[in-house]
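# Survey of secondary and tertiary structure
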Amino acid sequence: LGRYIYAQYPLAKDMLFQILLMALVVSSSVAESDKPHTASPATGHHPEELKLSQHATGRRGRAFRGAVLAAQPVEPAGGNPSPNGKEAPIDQEDTGSTTGGNQFLTRIASQLLFGLLYYLLIVSKYPDLKDTEPTAPALELQKENEVMALCKVSGRNCLLSWCCSGPRAAHTFHSVGELSYWPSLFLMSVVPCCTLWFMNARTDLNEKLGGQRRSFCMSCLCSCCCSCCVIAQDAEALDLTMGVQTGLCGVYENVV
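Residues numbered from 1 in each chain as written. Predicted model: local features only at pLDDT ≥ 70, side-chain atom pairs only at ≥ 80, totals over all residues. Heavy atoms only, no water.

## Some details on the overall build of the protein
The helix and strand tally for the protein stands at 13 helices and two strands. Scored against the burial criterion, the 256 residues of the protein give a buried share of 29%. Across the protein, contacts joining residues at least 24 apart in sequence account for 66% of those joining residues at least 6 apart. Approximately 16900 Å² of the protein is accessible, and the part contributed by carbon and sulfur atoms is 64%. (Helix = DSSP H or I, 4+ residues; strand = E, 2+ residues; numbered from the N terminus. Buried < 20%, exposed > 50% of the residue type's maximum accessible area, 1.4 Å probe, protein only. Contact = heavy atoms within 4.5 Å. Areas by Shrake-Rupley, 256 points an atom, 1.4 Å probe, with all protein chains shown as cover.)

The following block contains the structure:
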């Protein structure tokens, strides 16, 4: 019968061998568990105590290795370890302040350089206001608020007021006689809003151009929020009073 089974089912022999092997393993493990636990003749300790001791030793070893690894300094991505084993953080505030400082210095330098060219081409050829009375068009322009007056300003004065606010405002202060060109240019390059606020609220600039002196709050609001509009309105009123046109490269007579 066994030969017939092996001939008909070739895998039956292997399956039978595996079943017998598993039965031997199970029976040996059951017999081992039934034996009483005795102390080890070599160490004098109970087997359960040996297992617990080995487990505790393993945990201490792992804790020691973790402490050693934690004490090692951390190397940053650049390859240079930082002091105290900690990665040096990147100070975002220092980076932002450096960038802002560079932009501020660049603006001052550009305003001063263009201011020198502007003085040679325009301011040196522009007539002084002195005692000249404002004309009717200048009076009408000064009656408008700064934003609405921008619609009546020439394209040249608009371009100069928006792109070169420092030299254009210094030109007006100088020609009216309130402040010389070079101090005005420096102040308008460093503290433009404060300078514009002071000139409109604490001097006779607007009155000489046909307008009225601005109040403290109104002048501060216009100087901080719409400084280019204020500069353009005063520049156009000055041109209308003097009867000339400020060009991009010179001064021209106002042809009516």
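What follows picks up the thread again.
## Some words on the state of the cysteines
Evaluation of the coordinates by the stated rule reveals one disulfide. The side chain of Cys226 participates in a disulfide bridge whose partner is Cys229; the two sulfur atoms lie 2.3 Å from each other. Disulfide Cys226-Cys229: torsion about the S-S bond near -60 degrees, hence left-handed. For Cys226, a relative accessible area of 17% gives the class buried. You can see Cys151 has no disulfide; the closest cysteine sulfur is in Cys158, sitting 8.7 Å from it. Between Cys217, a cysteine without a disulfide, and Cys220, which holds the nearest cysteine sulfur, the sulfur-to-sulfur distance is 7.4 Å. (Disulfide = S-S within 2.5 Å.)

## Things to note about unusual backbone geometry
Its identity is not glycine, yet Lys130 carries a phi of approximately 50 degrees, on the positive side. On the basis of relative accessible area, Lys130 is assigned to the exposed category, the value being 68%.

## Examining the pattern of salt bridges
On inspection of all chains with the given rule, the structure shows five salt bridges. Across the pair Glu140 and Lys143 runs a salt bridge, and its minimum N-O distance is 3.8 Å. Residue Glu140 and its partner Lys143 are located together in helix H5 (residues 136-143), separated by three residues, close to a single helical turn. Accessibility expressed as a relative area gives 46% for Glu140, which makes it partly exposed. For Lys143, a relative accessible area of 65% gives the class exposed. (Salt bridge = Lys/Arg side-chain N within 4 Å of Asp/Glu carboxyl O.)

## Structural notes on the packing of aromatic side chains
Overall, the coordinates contain five aromatic pairs when judged by the stated rule. On the numbers, 5.2 Å between centres and 45 degrees between planes, the contact of Tyr119 with Trp182 is tilted. Remark: Trp182 occurs in helix H9 (residues 181-190) and Tyr119 occurs in helix H4 (residues 92-121); sequence separation between them is 63 residues. Taking relative accessible area as the criterion, Tyr119 reaches 26% and is therefore assigned partly exposed. Ring centres of Tyr181 and Trp182 lie 5.0 Å apart, and the angle between their planes is 80 degrees; on these two criteria the pair is classed as edge-to-face. Clustering of aromatic rings is evident, with ring pairs tying together Tyr119, Tyr181 and Trp182. (Phe/Tyr/Trp six-rings, centres within 6.5 Å; stacked < 30°, edge-to-face > 60°.)

## Some thoughts on helix H13 (residues 227-242)
Given a rise of 1.5 Å per residue, 16 residues ought to cover 22 Å, and the 23 Å separating the end C-alpha atoms of H13 matches this to within 8%. For H13, the tally of buried residues reaches 14 of 16 residues, placing the bulk of the element in the interior. Looking one or two places after H13, you find Gly243, whose phi comes out positive at around 70 degrees. (Expected span 1.5 Å × (residues − 1).)

## Overview of the confidence of the model for the protein
Scored by pLDDT, the protein has a mean of 78; 61% of the residues are at 70 or more. At the level of individual helices and strands, the protein shows its lowest average pLDDT in helix H3 (residues 47-71), which scores 55, and its highest in helix H8 (residues 165-176), which scores 96. (pLDDT = per-residue confidence, 0-100.)

## Things to note about the nonpolar core
Residues Phe173, Val176, Leu205, Leu209, Leu238 and Met242 are the most contacted members of the largest nonpolar core, which totals 20 residues. At the level of secondary structure, the elements contributing two or more residues to this core comprise H5, H8, helix H10 (192-201) and H13. Among the elements that line this core, the one with the most residues is H13, at five residues. Those residues in contact with Leu209 that lie beyond four places of it in its chain are Pro134, Ala138, Gln142, Thr172, Val176, Asp234, Ala237 and Leu238. (Core = buried A, V, L, I, M, F, W, Y, C linked by side-chain atoms within 4.5 Å.)

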